[in-house]
Amino acid sequence: MGVMALGCAMIIAMSSWLNAAALAGSAALEQHLAETVQDYTADLDQAHQNALAAQSLLPDIQRTSERFSRLAEDERQNGALTGTTGAGSVVQLLTQMSAQLDELETGITASRERVTTLFDQGRAHLATMRTLVSAPGAIAPRSDEFSAEVVALSGVITSLEQTSIAPSVKRAADDLSLGFIAPVADGRAADLAERQDQVMQTIRTSVSAQSQVLSQAADEILAREPVAERRFVPLSSAEAVLRYAGDFIPAWAGAISIDLLPAVLVFILTVVHGAIRRQEERMPFAQRITAAELLEALEVQRALSRQGIDVEQALHSAEAEDERGRIDSNITSLDMAAKAPRKGPPA
């Protein structure tokens, strides 16, 4: 009995699953596509933020480059650092540092344009994917086009991850201090050469500090969590209604109702048939006899007539015998002779 109940439950569960897939399969697949769009939107935003993170270093780089350029100009015009005007070794060093920072600024600016282009491409793919989710028509061809858009969007996200300028900033920041080459003091007077050496040493310290700041900022950018690799897995309608069952409770209720409907109908027929049978039992025999039973009774009557038996007399005799039998069964025999004598107490 338990095995039969288990088998019935498994059959109902399987049938309900297939009915739910037929009722809400397309809607479940659209739900799967919509969830995928949300996931890839988050991935695109994260990759875009990671790629643009190095842009936050641009103001510091511009400010440092302008400071070196301004010091070089002041030294050339007024001798603000060494006390001697002219384009000497100090001006040359300051101009060199400003040029290196300008190159780094140019690289960051160029990467921003590349990042913007890739992000626009990614948004275009997302717009197409959203259109496919809500478009009318069969879900199968839309799902195929959606898969193609997912592949293209994944390539854009990967390109954004590789476009980040943070590694280049890290290397450039290290080169500022490690690759620092100070020119030889070209002052003809000994005191001028000494002042130039002191100024160049100060510039070296400033460049080293700025290099350390940029390197730490680049390390923070590189330490950001990269975009996790994601794969789009197409689902069948049966798998979709099972994965997103919580969103399609009415469809599951309808599917289970369809499976239980035959059992309900059988139960109703059983109750009605039982009620009819109980009503027939309270009716006289003449009102509840069927046509087949009437034909059989007529055939028996003709057979008895052919044998010379009076049917009415035989019926009365049978009824009389039944009546005597009921009377005898209701009378208790008081014959004392038939009873065994009672035993007295032992002597």
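Residues numbered from 1 in each chain as written. Predicted model: local features only at pLDDT ≥ 70, side-chain atom pairs only at ≥ 80, totals over all residues. Heavy atoms only, no water.

Trainee: Which parts of the structure should I look at to understand empty space enclosed by the protein?
Mentor: Empty pockets left among the atoms are what a rolling probe the size of a water molecule brings to light. Here the structure, examined in full by the defined rule, presents one cavity of 30 Å³ or more. Approximately 30 Å³ is the volume found for the largest cavity. Surrounding the largest cavity, Thr64, Phe68, Met97, Leu101, Leu176, Val207 and Gln210 form its lining. Those elements that provide at least two residues to the lining of the largest cavity are helix 2 (58-78), helix 3 (89-134) and helix 6 (190-222). (1 Å grid on protein atoms, 1.4 Å probe; cavity = no way out; pocket = protein on both sides within 12 Å on 5 of 7 lines; lining within 4 Å. Points joined across faces, edges and corners; volume = space filled by probe spheres on them. Helix = DSSP H or I, 4+ residues; strand = E, 2+ residues; numbered from the N terminus.)

Trainee: Please explain the packing of helix 2 against helix 3 as it appears in this structure.
Mentor: For any two helices packed against each other, one specifies the crossing angle of their axes together with the interaxial distance. Contact geometry of helix 2 with helix 3 gives a least axis separation of 8 Å together with a crossing angle of 155°. Relative to helix 3, helix 2 is oriented roughly antiparallel. Of the two possible hands of crossing, helix 2 and helix 3 adopt the one that is left-handed. Tallied by class, the residues present in the contact of helix 2 with helix 3 amount to twelve nonpolar, seven polar and five charged. (Axes fitted to C-alpha atoms, helices over the stretch in contact; angles between N-to-C directions. Parallel < 35°, antiparallel > 145°, perpendicular 65-115°, else oblique. Left-handed = near helix turned anticlockwise from the far one by under 90°. Nonpolar A, V, L, I, M, F, W, Y, C, P; charged D, E, K, R; others polar.)

Trainee: How should I be thinking about the confidence of the model for the protein in this particular structure?
Mentor: Do not read the predicted coordinates in detail wherever pLDDT is low. Looking at the protein as a whole, the pLDDT averages 75, with 75% of positions reaching at least 70. Across the protein, the element-wise mean pLDDT spans from 64 in helix 9 (residues 285-288) up to 88 in helix 4 (residues 139-163). When the criterion is pLDDT under 50, residues 334-347 qualifies, and its contacts beyond four places in sequence or with other chains add up to zero contacts. (pLDDT = per-residue confidence, 0-100. Contact = heavy atoms within 4.5 Å.)

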